[in-house]
Structures are given as structure tokens and as C-alpha cells.
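# Chains, contacts and geometry: an overview
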Amino acid sequence: MLSAAKHEQKGDLYSALMEYRIARTVSVDTTKPGREVKRLEKLIAEKTDKLMSIAEKKYARGKLQSAEVLYFKILTLDPNYRAAFDRLRDINRKQLHKKMKQKVALSQRYRKSSLRKKNRQTEDEGYIYSRQAILQAENRANDVEGYIAELEKHITKYPSDTELKEMLVNVRIVQARASFGESDYDSSLDHLAAAEESLNNDDKFLKKLLAARKEFAKELYLLGLRSVRSEPVNAIELWKSALKFDPNDKRTQLRIDTFENRQAQ
Amino acid sequence: MSADQPSKLLIASLFLSLFFLLGAGCSSRPVTTEILARDSEFVVLRVGNEDASELARRYLGDESLGWLIEDANEPRSIASGNEIIIPLQNDNPIGFEFEGYQTVPILCYHRFGNKGGRLEVSAEQFEQQLAYLKQHDYRVIRLEDLYGFLKGERGLPKRSVVLTIDDGHRSIYTIAYPLLKKFNFPATVFVYSDYMNNGGLKTKELKAMNASGLISLQPHSKTHSNLALNGIGESKSEYRKRITDEVRIPSRKLESTLGKAPKYYAYPFGDTNPQVIEELKANGLLLGLTVQPTANAAFNYPYLLNRSMIFGDRGMDDFVAKLKTFQTR
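Parameters and conventions
Residues numbered from 1 in each chain as written. Chains lettered and ligands numbered in written order. Predicted model: local features only at pLDDT ≥ 70, side-chain atom pairs only at ≥ 80, totals over all residues. Heavy atoms only, no water. Helix = DSSP H or I, 4+ residues; strand = E, 2+ residues; numbered from the N terminus. Rg over C-alpha atoms; globule rule 2.2 N^0.38 Å. Buried < 20%, exposed > 50% of the residue type's maximum accessible area, 1.4 Å probe, protein only. Contact = heavy atoms within 4.5 Å. Areas by Shrake-Rupley, 256 points an atom, 1.4 Å probe, with all protein chains shown as cover. Core = buried A, V, L, I, M, F, W, Y, C linked by side-chain atoms within 4.5 Å. Buried area = accessible area lost by both parts, 1.4 Å probe. Salt bridge = Lys/Arg side-chain N within 4 Å of Asp/Glu carboxyl O. Axes fitted to C-alpha atoms, helices over the stretch in contact; angles between N-to-C directions. Parallel < 35°, antiparallel > 145°, perpendicular 65-115°, else oblique. Left-handed = near helix turned anticlockwise from the far one by under 90°. Nonpolar A, V, L, I, M, F, W, Y, C, P; charged D, E, K, R; others polar. Phe/Tyr/Trp six-rings, centres within 6.5 Å; stacked < 30°, edge-to-face > 60°. Lys NZ or Arg CZ within 6 Å of the ring centre and 35° of its normal. pLDDT = per-residue confidence, 0-100. Expected span 1.5 Å × (residues − 1). Pairing = 2+ DSSP bridges. Arc of directions from axis to C-beta. Polar contact = N/O pair within 3.5 Å; in protein donor to acceptor, adjacent residues only side chain to side chain.

## Let's talk about the overall build of chain B
Per the secondary structure count, chain B includes ten helices and 15 strands. For 329 residues, the compact-globule estimate of 2.2 N^0.38 gives 20 Å, and chain B exceeds it by more than 25% at 25 Å. The principal-axis extent of the C-alpha atoms belonging to chain B is close to 90 × 60 × 40 Å. Counting across all 329 residues of chain B, residues that qualify as buried make up 53%. Taking all contacts inside chain B whose residues are at least 6 apart in sequence as the whole, residues at least 24 apart take part in 64%. When the accessible surface of chain B is split by element, carbon and sulfur atoms take 53% of a total near 14,700 Å².

## Examining the overall build of chain A
Scanning chain A from terminus to terminus reveals twelve helices and zero strands. Taken from the N to the C terminus, the helices and strands of chain A come in the order α-α-α-α-α-α-α-α-α-α-α-α. For 265 residues, the compact-globule estimate of 2.2 N^0.38 gives 18 Å, and the C-alpha radius of gyration of chain A, at 32 Å, exceeds that figure by more than 25%. If one aligns the C-alpha atoms of chain A with their principal axes, the spans along those axes are about 105 × 60 × 40 Å. Relative to its 265 residues, chain A shows a buried fraction of 44%. A separation threshold of at least 6 residues defines the contact pool for chain A, and within that pool the share at least 24 residues apart is 46%.

## Let's talk about the nonpolar core
Core analysis: the biggest nonpolar cluster contains 45 residues, and Tyr71 and Leu75 of chain A together with Phe96, Leu143, Leu146, Leu289 and Phe299 of chain B have the highest contact counts within it. Only helix H2 (13-26), helix H3 (32-60), helix H4 (64-77) and helix H5 (82-110) of chain A together with helix H5 (143-150), strand E12 (264-266) and strand E13 (287-289) of chain B provide two or more residues apiece to this core. Excluding residues that lie within four positions of it along the chain, Phe96 of chain B makes contacts with Phe72, Leu75, Thr76, Pro79 and Leu88 of chain A together with Tyr101 and Phe299 of chain B. Within the second largest apolar cluster, 36 residues are counted, among which are Leu107, Phe112, Met209 and Phe319 of chain B.

## Description of the interface of chain A and chain B
Buried accessible area, meaning the area lost when the parts come together, often serves as the stated size of an interface. Between chain A and chain B, the residue contacts involve 48 residues of the former and 59 residues of the latter. A buried area of about 4,800 Å², summed over both sides, lies between chain A and chain B, and 60% of it is on carbon and sulfur atoms. Among the residues of chain A in contact with chain B, Thr25, Arg89 and Tyr129 of chain A are the three that bury the most area, contributing 14% of the side total. Our count for the contact surface shared by chain A and chain B stands at seven salt bridges. Where Arg118 of chain B meets Glu150 of chain A, a salt bridge forms, and the shortest distance between an N and an O atom there is 2.8 Å.

## Some words on the pattern of salt bridges
Counted according to the given criterion, the structure contains 45 salt bridges over all chains. We note a salt bridge from Glu278 of chain B to Lys281 of chain B, for which the minimum N-O separation is 3.7 Å. Highlighted residues: Glu278 of chain B and Lys281 of chain B, both in helix H9 (residues 274-282), separated by three residues, approximately one helical turn. Taking relative accessible area as the criterion, Glu278 of chain B reaches 46% and is therefore assigned partly exposed. Residue classification places Lys281 of chain B among the partly exposed positions, given a relative accessible area of 36%. Residues participating in the shared-partner salt-bridge network are Glu150 of chain A together with Arg118, Asp313, Arg314, Asp318 and Lys322 of chain B.

## Considering the packing of H2 of chain A against H3 of chain A
Residue and element names in this part refer to chain A. Remark: H2 packs on H3, axes separated minimally by 8 Å, with the N-to-C direction vectors making an angle of 155°. Here H2 is positioned roughly antiparallel relative to H3, judged by the angle of their axes. Handedness of the H2/H3 crossing: left-handed. Taking contact as the criterion, the partners of Leu13, Tyr14, Ala16, Leu17, Tyr20, Arg21, Ala23 and Arg24 in H2 are, on H3, Pro33, Gly34, Glu36, Val37, Arg39, Leu40, Glu41, Leu43, Ile44 and Lys47. Its residues placed into classes, the contact of H2 with H3 shows eleven nonpolar, one polar and six charged.

## Some words on the packing of aromatic side chains
For any two aromatic rings, the description comes down to two numbers: the centre-to-centre distance and the angle of the planes. Here the structure, examined in full by the defined rule, presents 22 aromatic pairs over all chains. Plain terms: the ring middles of Tyr101 of chain B and Phe299 of chain B are 5.3 Å apart, the flat faces sit at 65° to each other, and that makes the pair edge-to-face. Residue Tyr101 of chain B is located in strand E4 (residues 100-102), and its partner Phe299 of chain B is located in the loop between E13 and strand E14 (308-309); the two are separated by 198 residues in the primary sequence. Grouping residues by exposure puts Tyr101 of chain B and Phe299 of chain B together as buried. The positively charged end of Arg87 of chain A is found above the aromatic ring belonging to Tyr59 of chain A, 4.0 Å away from the centroid. Positioned above the aromatic ring of Phe311 of chain B, the side-chain terminus of Arg118 of chain B is 4.6 Å from the ring centre.

## Description of the confidence of the model for chain A
When pLDDT is averaged across chain A, the result is 87; 90% of the residues are at 70 or more. Note that residues 113-119 of chain A has pLDDT below 50 and, in this model, four contacts with residues that lie over four places away or in other chains.

## A few points about the confidence of the model for chain B
Any segment with low pLDDT has predicted coordinates that should not be analysed in fine detail. Residue and element names in this part refer to chain B. Summarising the model, chain B shows a mean pLDDT of 90, and 91% of its residues fall at 70 or more. Per-residue pLDDT stays below 50 along residues 1-27; that stretch engages in zero contacts with residues further than four places along the chain or on separate chains. Predicted complex, confidence summary: ipTM 0.86, pTM 0.77.

## A short note on helix H9 (residues 185-198) of chain A
Residues and elements named next belong to chain A. Helix length check: H9, at 14 residues, gives a terminal C-alpha distance of 20 Å against a target of 20 Å (1.5 Å per residue), a fit within 8%. Taken as a whole, H9 has its buried residues at Tyr185, Ser187, Ser188, Leu189, His191, Leu192, Ala195 and Glu196. On its buried side, H9 packs onto helix H7 (144-157), helix H8 (162-181), helix H10 (203-227) and helix H11 (232-245).

## Describing the sheet that holds strand E1 (residues 34-38) of chain B
All names here are of chain B. Ordered in space as E1-E2-E3, the three strands form an open sheet in which the pairing is antiparallel. Among the strands making up the open sheet, the edge pair consists of E1 and strand E3 (83-87). Averaged over all pairs of adjacent strands, the angle between strand axes in this sheet comes to 25°, irrespective of strand direction. Pairing analysis gives five bridges linking strand E2 (residues 42-46) to E3, with the strands arranged antiparallel. Bridge pairing in E3 places Phe42 opposite Pro87.

## A few points about helix H2 (residues 52-60) of chain B
Residue and element names in this part refer to chain B. Of the positions making up H2, those classed as buried are Ala52, Leu55, Ala56, Tyr59 and Leu60. Along the axis of H2, the buried residues cluster in a sector spanning 100°; they form a single face. Considering only its buried residues, H2 is in contact with E1, E2, helix H3 (66-73) and E3. Where H2 begins, the side chain of Asp51 points an oxygen toward the backbone nitrogen of Ser53, at a separation of 3.2 Å.

## Let's talk about the packing of H2 of chain B against H3 of chain B
All names here are of chain B. Between H2 and H3, the least distance of the axes is 7 Å, while the angle of their chain directions is 105°. On the basis of their axis angle, the class for H2 and H3 is roughly perpendicular. Of H3, the residues touching H2 (which contributes Ala52, Ser53, Leu55, Ala56 and Leu60) are Gly66, Leu68, Ile69 and Glu70. Looking at the contact of H2 with H3, its residues break down into six nonpolar, two polar and one charged.

Structure (C-alpha cells):
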């Protein structure tokens, strides 16, 4: 009984009802549990009908998300409320059809020539699923590493997929930029180096990565210039980092040499 | 019969009686289940030496419903001396609770072996995954059970999982099937009919798996073409005919091979559209399975069931993450 009261206090009327029903089975000498069962059944019926009426209005107005929340609530109060269950299914059907349309559009986009050999079908299946795994990983906003790992796995298996190579380059550069922004230059370099390793046979992408390296090196060179008078040691560190990004940057090397020569004198 | 034989029998029976008397005297556990209360909704009892299956057979008329008793009494175990309740009706077949609702993950495998490729899972990996399900008390159910859940009529064990295998590669018979038998886990194999006896599973193998009662064989198209996409240069009427053939022909072929009409269909590449779904319905197929990676609630639309792909290049963490059996609100 206590347990039932606690459930009711929490708002979990269905569990409270179940507890009272069990109590009714056990306590044949008292009518109290039976009365509680009736009271709760009535309360649940009132609440669910009220919620259903609001939900139906929202549904009719096309506000499916807020209607959905109410249908969920109805079913937690009464799992046998068929009308709410049917509405949830209807909303789910619409959502799934929408998702499926997006998925089919992707399949269309990735479709290869109709001349493919018949026995390559399951290989293509692997290709498509591999890409789907990437999209899935991409959607996990907090799992950039997982996304990158999926891209690298895919590229190892399908080295001619230039579209995904481009995606890998872009995400690595974005990650490098984020680390750079936090002054974590080693991590930034790691991202660029990892991308270069994955794409070491592709001049187009290596050029893009080289351009990113030069850009980061230039920014560090300018940062060094700005701080050379006030914090010369820091400037040298920045230029040394710049050289890690672009070891062939003569301008930065010259600055370091000049500074070190002065120090030596 | 010799003269001393009756006395030997008498001594033997005395020994047996003494053995049982001592056995009963030494044990403090009640031998029989004691009913404490009962009405049309519940039986409340103190458990004797029966387990959940035996209690389910006795009170629910079906020993496979032992899980219903276990789930209703969780975390209390169905052990001798414990007071438990047996719900005589499943009042919540859709698994909705105050905190959220039950979901059923459907796992989707393809090939088994060590040749490599993302779609291939090694025998060791597969065994490890099945062992994980067993050890962590997941209940591997049949698609048929899931169908009842989706109709809102049949409750399922709390940690239900469905296993499916696509395409009909022969490694299903040589690698997966023996492991499924070892764990006594049911699975549904979706085959595309052009592959049957043509590089894929042979009729003999299909029949053997079907006869085991553990494996359900269902259609996965005729040629494994993408049913949601028009072929290049394919007219509307050609597309319609292709869809009809891709649904009807494998169903007929499986029916003629195995003697029973298939009920479920897995879309090649997981892609479908309303026209394909209509074709499934016209052919009496009850469920359509995609590869959208989420678990399924009872209210899930039955012709767009989600499945999570199991890749061979992923670890156990990824596998475990796919076993989501409850969605919190």
C-alpha cells in the first residue's frame, strides 16, 4: 500500500494501480484496496481522456511533436489506450517514411553505373553500408573521432571514393583548426599528419593539406611578429611551431636565425 | 525367480524409503509451492521447488512465459521459499512504463568468416557476441514474437533481441548455424532467391536449418537490386513489374522449397518506398525490415522496422551499444 501511495505521489498512476490490484488479491478481508483500484481507474480514465482531447487537437493542427509527447503520456498512464497507440504508430510511420526518403536519396546519389557486374552486388552493398556507417557516425555530434575512424576505414576499403576523401580532409582540417585555436599546436599538427598519411597517394588532397599547413604557419609567423618586442622568447616558440607546420618557410627560418644570432652576440 | 529375491526387493525398497525420508528431513526448503492468495488477476504464492518455466506451465498454461513471472518479480528471484506474484494477464503488452518504453533491437548480420570486409563477422566474434547475450540475460526472440508485440497484443521479455542474417551466404550454414544451435538462439535468415543454389545456400542446407525450428527463412528479393531506385532507362511499367517480381518470386520459391509461406521481408540495401510496401502487403507479408540503426518500440510501423548492422571491423563496445532495450522519456 505504501508503495502504491509513493507511485501515485510520483505521478506513476499505472504502477500505483498495479500495486493496489495486487493488494486487492492478497487482502481479501478488507475492501480498501478494491476502493483504491476503482478510484485510480476513474482518475486514469479522466486524465487520459483529457490528454487525448488536447493531443487530438494538436494532431489535427499538424503539431505532431507536441501531440506525440501527449500520446506517450497517455500510454504511460494506460498502456491499453488503443487510440493513442494508433496515433503514435501513425506519427512513427510518417517519421520513418521521411527518413527512408533521405536514405534512398543517398543511395541514388551514390549509385554507380548500371553496367556493374551482377556478382558485384554484395560488394556494392558493403560500399553503401560503409557510407551509412559514416553518416551515422557523423550524426553523433560528440564523436568526431568515431566519424574520422569510419571515414578512414571506408577509404582503406574503397580508395577510389574521392568524395569521402574530401570529407576526411575537411574534417581533419576543421579539427586541426579547433586545436590551433586552443593553442594546442601539436594536436593540430597530428590531425594534418594523420590526414596526409591516409591520403598519401593523392596529390590533390595533399596539396590542400599543404595549403592548410602554410596558412597555420603564416598565422604563427604573424603572431610571433606581434609579440617579438614584448615577449621575444614566446615569439621564437611561435616561429618554431610555425616551422613544424611548414618546414620550408624561409621567412620564419630567417627570423629565428636572426634572433638567435643576436642572442649569441 | 529364486527364493531370496523377495527379501532382496524388500531390503532395497526399505533403503529407498529411508533415503527419501532422510532427504526430506534434512532439507529445510519447502517441496511444494504454497498458494497464498488468488483471484482472476494474480496468483500470490510461496515458491517450492519449481522454476519459472514450470510455474508458467502450471498457472499460465505455457512454459515459454516463464519470463513474464521473472519480469513481474524483478529483482526478486524465483527461488524456493520466496513469495512471488504471477500476473494471470499481461496488462501491459506494449512495454510502456512511467520512465519510458521498451524497445527491441534487431541485429543484422551478413557473412561469417575470416576473409575480411566490413560485412564479414568472424566465428570467434559471433560466438563472443552470442555469449554476451546469454551472460547478460538478453532473450533472443523470434520475429514472430516481435510481430505480436507490434500488434500491441503480445508482451515481450524486457531484454528482447532479434537476430537476422541477410543475403544467404553459405557461411550462415557452416559457421553461424552451429553457433546458434549451441546457444539455442533463434534467427531469421533473409535470402535472395537468385543466390540460392548459385553460390549461396543450397536447398539441402535451407531445409536442414528450417527443420531445426531455430532458423526461419524469409525473402530478401530475387536479384538483390535496390527496390527504391528506378533502374537506368527503366520505364514506370518495367519498374512496377520488377517490384512485383522481386517480392513475389522469392516468396513463391521459398514456399515451394520449404512448404510454408514466408511472412517477413528484408529490403535489399534496406531501401524501400510506399509502392514496395504495398507490394509486400499484397503478397501477405507482415513485416518489412530496413537497416535504419535504431531499436523498435511497439508502435513502430511494421513495414519500416529498424535494424542495426553488425560490422566485422567493430569491437564489442559497438555491439553492446546496439542492444538498447529501453527508451527513457
